[in-house]
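The primary structure of each chain is shown beneath.
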Amino acid sequence: QVQLVESGGGLVQPGGSLRLSCVASGSIPTINMGWYRQASGKQREFVADITSGGSTDYADSVKGRFTISRDNAKSTVYLQMNNLKPEDTAVYSCHVLSIFHKNYWGQGTQVTVSS
């Protein structure tokens, strides 16, 4: 069965960096892969995504700080997060859209930015 496994979350100080990884097992042919986040008491929101061709998109709140990338051969998507802010604190979930337009979601990884 296809599953997405995220890693790289944790506790970091403001201004610090983290790199999230998401590995899609089960050989998923993807249209795009991306990241969403959900802070406590708030709705899930889009963070960034990347198409199979390498086109990227970012939420305004993370532009200039976060970088998304992917390795198609490894079915892996990364999110490099720099200059983290307390408002970035959330559960980050990996998302994959397959070429068959089926959606897959990871279990989420907690990112906490605090002094």
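Right, let's walk through the structure included here. Everything numeric in this text was worked out from a predicted model, so none of it was measured.

Concerning the overall build of the protein chain
- Tallying secondary structure elements over the protein chain gives 0 helices and 11 strands in all.
- Mapped from its N terminus to its C terminus, the protein chain presents α and β elements in the order β-β-β-β-β-β-β-β-β-β-β.
- The C-alpha radius of gyration of the protein chain comes to 13 Å, within 12% of the 13 Å expected for a compact globule of 115 residues.
- When its C-alpha atoms are laid out on the principal axes, the protein chain stretches across 40 × 25 × 25 Å.
- Residues classed as buried in the protein chain amount to 43% of the 115 residues present.
- Contacts in the protein chain between residues far apart in sequence, at least 24 positions, make up 53% of those at least 6 positions apart.
- Total accessible area computed for the protein chain in this model is approximately 6000 Å², and 47% of it derives from carbon and sulfur atoms.

Concerning the side chain of Asp88
- With respect to the helices and strands, the residue Asp88 is situated in the loop between strand E8 (76–81) and strand E9 (90–98).
- Discounting residues that sit within four places of it in the chain, Asp88 has contacts with Arg37, Arg65, Phe66, Asn83, Val111 and Val113.

Regarding the state of the cysteines
- Following the criterion strictly, the structure yields 1 disulfide and no others.
- Across a sulfur-sulfur distance of 2.1 Å, Cys22 and Cys94 are joined as a disulfide pair. Handedness here is read from the sign of the S-S torsion; for Cys22 and Cys94, about -85°, the answer is left-handed. Residue Cys22 is located in strand E3 (residues 18–25), and its partner Cys94 is located in strand E9; the two are separated by 72 residues in the primary sequence.

So, how was this worked out
- Residues numbered from 1 in each chain as written.
- Predicted model: local features only at pLDDT ≥ 70, side-chain atom pairs only at ≥ 80, totals over all residues.
- Heavy atoms only, no water.
- Helix = DSSP H or I, 4+ residues; strand = E, 2+ residues; numbered from the N terminus.
- Rg over C-alpha atoms; globule rule 2.2 N^0.38 Å.
- Buried < 20%, exposed > 50% of the residue type's maximum accessible area, 1.4 Å probe, protein only.
- Contact = heavy atoms within 4.5 Å.
- Areas by Shrake-Rupley, 256 points an atom, 1.4 Å probe, with all protein chains shown as cover.
- Disulfide = S-S within 2.5 Å.

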